[in-house]
Amino acid sequence: MLAVHLISFFFSKLKEDPTKKVDRFLYAMRLHDDQLSDISARFQAEMKKGLSAESNAAAAVKMLPTHVRSTPDGSEKGQFLALDIGGSKFKVLQVKVREGIGIRKGGVEMEEKTYPMPKELLIGKGSELFDHVSESLKDFMQEKSISMEKKHPLAFTFSFPCEQTTLDQGMLLSWSKNYRARGLQGKDVVQALREAIDRTGGMDIDVSAMVNDTVATMMTCGFDDRYCEVGLIIGTGTNACYMEELRHVDLVEGDEGRMCVNTEWGAFGDDGALNDYITQFDRDVDAASVNPGKQIFEKMVSGMYLGELVRLVVLKMAKRGLLFDGSVSNALRTKGRITTADVAAMEQYKNGLNNTRDILMALDLNPSHDDCIAVQHVSTIVSFRSSNLVAAGLAAILTRIKQNRNLRSLRITVGVDGTVYKTHPQYPKRLHKVVRRLLPECHVRFVLSDSGSSKGAALVTAVAQRLASLKRQVVETLSPFRLNQAQLQLVKARMREGLEAGLKMKGSSTVKMLPSFVYHTPDGTEHGKYLALDLGGTNFRALLVKFKKGLQQNARLYHKIYTIPLETMQGTGEELFDHIAQCVSDFLDYMGMKNAHLPAGFTFSFPCEQTAIDTGTLVTWTKGFKATDCEGHDVVSMLREAIKRRNEYNLDIVAVVNDTVGTMMSCAYEDPRCEVGLIAGTGTNVCYMEELKNIQKTKENTGTMKRDDGIPEGEQDDGTEREKKEGDAEISKMCINTEWGGLGDDGSLDDIATPYDKEVDQNSINPGKQRFEKLTSGMYLGEIVRQVVLDLTRGGLLFRGHVTEPLKTPGIFQTKFLSQIESDRLALLQVRSILQQLGLDSTCHDSIIVKEVCKAVSHRAAQLCGAGMAAVVDKIRENRGLDHLKITVGVDGALYKLHPHFSQVLQKTARGLAPQCDVTFMPSEEGSGKGAALITAVAKQNQP
Ligand code: BG6
Ligand code: BG6
Ligand code: GLC
Ligand code: GLC
């Protein structure tokens, strides 16, 4: 007896373990950790490629932005219908999410029904597939007695690769798994669903959000675990999503915060990246699939293919005589006869071998015990490879998240779903173990989504709905800022009336049309050294300018910038001019020219009534200035007196010039067509060359210009100059400083002004004055923005309704911030840091809304300036009796030069509203100081 036992023991040792031959046969499918690390590194490289704008088009792994910016925060609420297609089951659901309650406490209630998805629909016409979906939806609503009259938001889980530009839109890139319906690739599937719902009729459905199943799974699990930032599906197909830093998502604007990216990792290897890991069996599975060459990784991993891989291996081994004594059945030769459920059954802990026998017998095979052990082992190797590959992919994602956040270790939860993960007895444990082995420094928790993906889809929809309603309210608030063509035409017409009225009625009109006593643009003969003082923009500037005759390029400029403190701007006139005299003194010291007694031009950027080139009576302060005892006085005399009081240096102040005029002259020095000057800065204003006869006739009785011959009084004693110029037809024009900022001071713009504009006007130092300027210029735009932001906050649409002290403070929103906020790159980050400086703790959405507000306000400002400019150039054209005018506008001002969009919008509007004018806009290079120096040069040459 003992001998028999010994012999059988001896033979059992001699007879090979049946798993060994399988191991040898499937050597290439058994992946070691170093190979997995290698695959993981390759996948990391693929992710990078997919995220970058340059390489995305060619990338196999698409890394699709999902527009889901946060995991659930508990504020989601509402009642939703949901559709779930693309997994092994097609489901219609109703999901109720109660505010602020976790699911365990009954925060979410769901009712669902699985509908059949006939095979022929998967490969038929896309519209028929969606008709079936929408008819099932209607059936569900009827069965559950859901009102057909009421509008219902719908959450749509669609588990295929879609390119999304918003949450409620998604272009199907390609089908995967067993779907291949015609006419949907490259189309918006949300739109296709809406159309099908319309065709079915009788329902009022708002498809508010579409999500991939990975995203929905992440959100489902994220509802009770805030660390859940990865969603994983190992089901019919396989895929993963995770929260990526927005700054790495090139395809979406903005840098602040995170966005969920649907990796579509199933396509890993489609470009050959996994070729050295691919076996003949994988190639065969691929070749027999509906999408050969596509979804290579998916075909090594997911439920749709695992059974088939096992079948092909078993078939080949049998053919080689390694199984079933070499016999093969027809059933074994038939595609699809071993399923993933079979694979799971074969690997069952206790019944596995019995199950294997049953499965093989059902395939008309007659397996021995060893055959069963061997086939079970095949199944193990195939499914083990699957979990190993998933572990490698997941390790890549987790490593990326860790690196993104600059962490040495990472605590994270992965939300998982899919039949393979849920039904295969060993799969989860193996996967967890390998992930932890590959990433020992990470604390990874796996959470099974036990209620499918629809809960998560509903959460996304809730957020989408809240955002859509927020957006509607913001759009409504901003709508008065959006001017239509007819309104812009009206503004142009009113500006034209303003210009005409100003020429006729001295002083009493809103657009003052002040003569500048500048008759020519420069001709290149200007020469010498001049000082220019420039007051009224953001800063005070002192300049020294040297011209050489005929050498425009060689004008040389030295300058220094001084700030004018607010208390000086709004103190006494004497203090203001003493301050200027002191700055000039400093500049002369700096240049070593204290004793030079230079001729000087004074750019004074406020409305001045001039009777000659070197006198100017301040009509009224504008912008932020309010120094006492200046209005009604000659500013040149005030400056001369201040210099005298200093008794330190001498200046010969030859000309006083508005900044618009200085800018026009500066640009005209380079381009003789420049006959208009525009400032879009702290304030706004325009000057242009008007026909002298229009000024002459209309201002005859004013005492401004007494001569009849068109030669102004300022030049009448200058014999030589007259000789030079009389024969010259040029003295037919004079530059007029329009002071267009005053348009609307009679209420003519009240119909376009919003309540916010009225508020800004009322709070300004000159209420009722400079109404056009207050709609368009840098000094006021920030204030308008603040008023709108304040209103939105009070309405609970911003900053969670918290009106903070800084937000209530006038002037806090400096206009320079508008330019930064609206710049396209780095924008959100900047918005947030600016808001932070204002003491406003903003979310990503707050930043987006604030940017919207800025855009609306600055866009309107640019359009209004454009409309005003159209009136000016059309007037010049008509003055000259031309059908077509070619003209250049010299421009300066921080808004024009620094704002990212202002200049384009202004130009486009002006050109659109004055189609008979060909307007070139020329930014002034050195500010208006050079122009003031040119005017000084001419005036100096004309002096007796
Ligand atoms: C389900 C989800 O739970 O899992 C589906 O609700 C998803 O949307 C599916 O596609 C994935 O698994 P399977 O195995 O059904 O493809
Ligand atoms: C400067 C001019 O370049 O532009 C100033 O030299 C002018 O005279 C100014 O007032 C306007 O811009 P801002 O943005 O400084 O008001
Ligand atoms: C396929 C789809 C993908 C989906 C996955 C799991 O890979 O392309 O979108 O997430 O299957 O269902
Ligand atoms: C204000 C001034 C005007 C100036 C403009 C631009 O509107 O009144 O004179 O040209 O600002 O600086």
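Scoring rules and cut-offs
- Per-chain numbering applies: the sequence of each chain, read as written, is numbered from 1 onward.
- Written order decides the labels, with chains lettered from A and ligands numbered from 1.
- With the structure being a predicted model, the display of local features is reserved for residues of pLDDT at least 70 and the display and counting of side-chain atom pairs for 80 or more, all residues being used for whole-chain, interface and lining totals.
- For the side-chain quantities, the full set of heavy atoms in the structure was used; hydrogens and water were omitted.
- Only runs of H or I of at least four residues qualify as helices and only runs of E of at least two qualify as strands under DSSP, and these elements are numbered from the N terminus.
- The buried label applies to any residue whose accessible area, calculated with a 1.4 Å probe on protein chains only, is under 20% of its type's maximum; exposed applies above 50%, and partly exposed to all values in between.
- Put simply, a residue is near a molecule or strand once any heavy atom of it comes within 4 Å of that molecule or strand.
- Residues adjacent in sequence count toward polar contacts only when both atoms are side-chain atoms; beyond that, a polar contact is any pair of N or O atoms within 3.5 Å, and within protein one must be able to donate a hydrogen and the other to accept it.
- We call Asp, Glu, Lys and Arg charged. Ala, Val, Leu, Ile, Met, Phe, Trp, Tyr, Cys and Pro are nonpolar, and the rest, Gly among them, are polar.
- By convention here, the domain bounds are inherited from an automatic or database domain assignment.
- Here, a salt bridge means any Lys or Arg side-chain nitrogen found within 4 Å of an Asp or Glu carboxyl oxygen.

Q: How would you explain the environment of R794 if you had to name every residue and give the values?
A: Along the chain, the position of R794 falls in helix α27 (residues 778–794). For R794, a relative accessible area of 56% gives the class exposed. Separated by 79 residues in sequence, R794 and V873 place their C-alpha atoms 43 Å apart.

Q: Mind laying out the site of ligand 4, listing which residues take part and the relevant values?
A: Around ligand 4 sit 15 residues in total, of which K623, N658, D659, E739 and E773 are the nearest. Between ligand 4 and F606, the relevant distance is 3.4 Å, taken from an oxygen atom to a main-chain nitrogen or oxygen of the residue. E773 is positioned such that a nitrogen or oxygen atom in its side chain is 2.3 Å from an oxygen atom of ligand 4. Sorting the residues of the shell around ligand 4 by element identifies α22 (659–668) and β23 (684–691) as the ones contributing at least two each. Partitioning the shell around ligand 4 into residue classes produces 3 nonpolar, 8 polar and 4 charged.

Q: So what about the domain arrangement of the protein chain? Which residues, and what values?
A: On domain assignment, one finds that the protein chain holds domain 1 (16–64 + 224–450), domain 2 (67–211 + 451–481) and domain 3 (485–506 + 740–923). Taking only C-alpha atoms into account, the centre of domain 2 sits 41 Å from that of domain 3. If you look at where domain 2 meets domain 3, you find 0 residue pairs in polar contact (both at pLDDT 80 or more). Here the side of domain 2 that touches domain 3 is built from residues that sort into 6 nonpolar, 2 polar and 1 charged.

Q: Pulling in residues and values, what's your account of the pattern of salt bridges?
A: This structure, assessed with the given rule, holds 54 salt bridges. As a salt-bridge pair, E805 and K808 come within 2.9 Å of each other at their nearest N and O atoms. Here K897 makes a salt bridge to D892, at a shortest N to O gap of 3.1 Å. Overlapping salt bridges bring together K492, R496, E500, E690, D874, K875, R877 and E878 as one network.

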